[in-house]
Amino acid sequence: MITVIGSLNMDLVTYTGRMPVVGETIMGRSFKQIPGGKGANQADAIAKLGAEVRMIGCVGSDVMGNILMEALKNDGVDITQIKKIEGVSTGIASITVDSAANNCIIVVSGANNMLSIQDIQAAYDAIQTSEVVVAQLEVPLDTVKFALKTAKQLGKLTILNPAPASELDDDFLANVDILVPNDTELEMISGIQVKNENDVKKAAQVLMNKGVKELIVTLGSKGCIHINESGVKAYPAYKVNAVDTTAAGDSFIGAVAVAINEGKSFEEAIYFATAVGALTVTKEGAQSSLPLRAVVENFIKNVK
Ligand code: ADP
């Protein structure tokens, strides 16, 4: 069992010819409501890749919360540890995209901000019965820190996706086995500017000195770099027709969790995750773009 602790958001996407100016009302072209949130995306990716997964998180007691929970349940995620909170809205991202593909985004965390240390304590059994715990930073940092510490005390493997980028204190990182940042997040946590592979190595060393055992730095269409005490290995991305990179990182992390939980080596896990990330960018949206296991296996077989 893999447990994901994190956010659930509804992405409310408005497509328009141009952005309105302050005080102006314009007519948009179309509208889409797409389930997202890094935590929910990662849980959904894991379920679609065929692993047993449960999610710990919060939604508001509104229609959007119900839709997000239903979407996860339909894909096979155990939603029994998702709490509905009265008097607060479900997390939303209000996204406006113009015809030149520029976007303006407002995120209202809503219920995601209410995931507390007490909720993690209440979910102790859920963590105890998992092999792997996955977290990100779209819920309160103290809660994530407590969850990682609890998981480590119980001897679980912990994976942290430090997104959105945020500064983390040292005892946060001491409880992370596998850290999966992108380049911006790596800069923020290490305090080192990342311009080339050498900078990635320097920044990684800073984090390994703080207790992180394995680092996988994702670099979009440039692939990723895996670093641990025994060395550095770069993995190129697959060349695909990218239409929307939303949730690439989320699907990649979900895939790493699934493969490592199946006992695969880091090399095998990263090849698998690279295929999953590539397939995700070929489709629009967040959860709508996450590939099923059979599709991934087929893709890997055919590109070899
Ligand atoms: P994030 O969304 O967290 O910034 P990345 O954009 O680095 O994450 O994507 C995660 C992984 O997904 C990459 O390491 C790569 O393997 C794959 N990926 C991302 N963008 C592309 C792309 N345009 N083409 C092929 N693979 C991609």
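What counts as what
Residues numbered from 1 in each chain as written. Predicted model: local features only at pLDDT ≥ 70, side-chain atom pairs only at ≥ 80, totals over all residues. Heavy atoms only, no water. Salt bridge = Lys/Arg side-chain N within 4 Å of Asp/Glu carboxyl O. Helix = DSSP H or I, 4+ residues; strand = E, 2+ residues; numbered from the N terminus. Buried < 20%, exposed > 50% of the residue type's maximum accessible area, 1.4 Å probe, protein only.

Participant: Just checking my understanding: could you explain the pattern of salt bridges for this structure?
Facilitator: It is possible for side chains bearing opposite charge to pair when their charged atoms get close. Scanning the model with the defined rule gives 15 salt bridges in all. We note a salt bridge from Asp 177 to Lys 152, for which the minimum N-O separation is 2.7 Å. On the criterion of sequence distance, the pair formed by Asp 177 in the loop between helix H6 (170-173) and strand S10 (178-179) and Lys 152 in helix H5 (residues 141-153) is long-range, its members being 25 residues apart. Looking at Lys 152, the relative accessible area reads 25%, which means it is partly exposed. A salt bridge links Lys 202 to Asp 199, with the nearest nitrogen and oxygen atoms 3.9 Å apart. Of the two residues, Lys 202 and Asp 199 both sit in helix H8 (residues 197-209), three residues apart, roughly one turn of that helix. A relative accessible area of 48% means that Lys 202 is categorised as partly exposed. Judged by its relative accessible area of 11%, Asp 199 is buried. One network of salt bridges, with partners in common, ties together Glu 262, Lys 264, Arg 293 and Glu 297.

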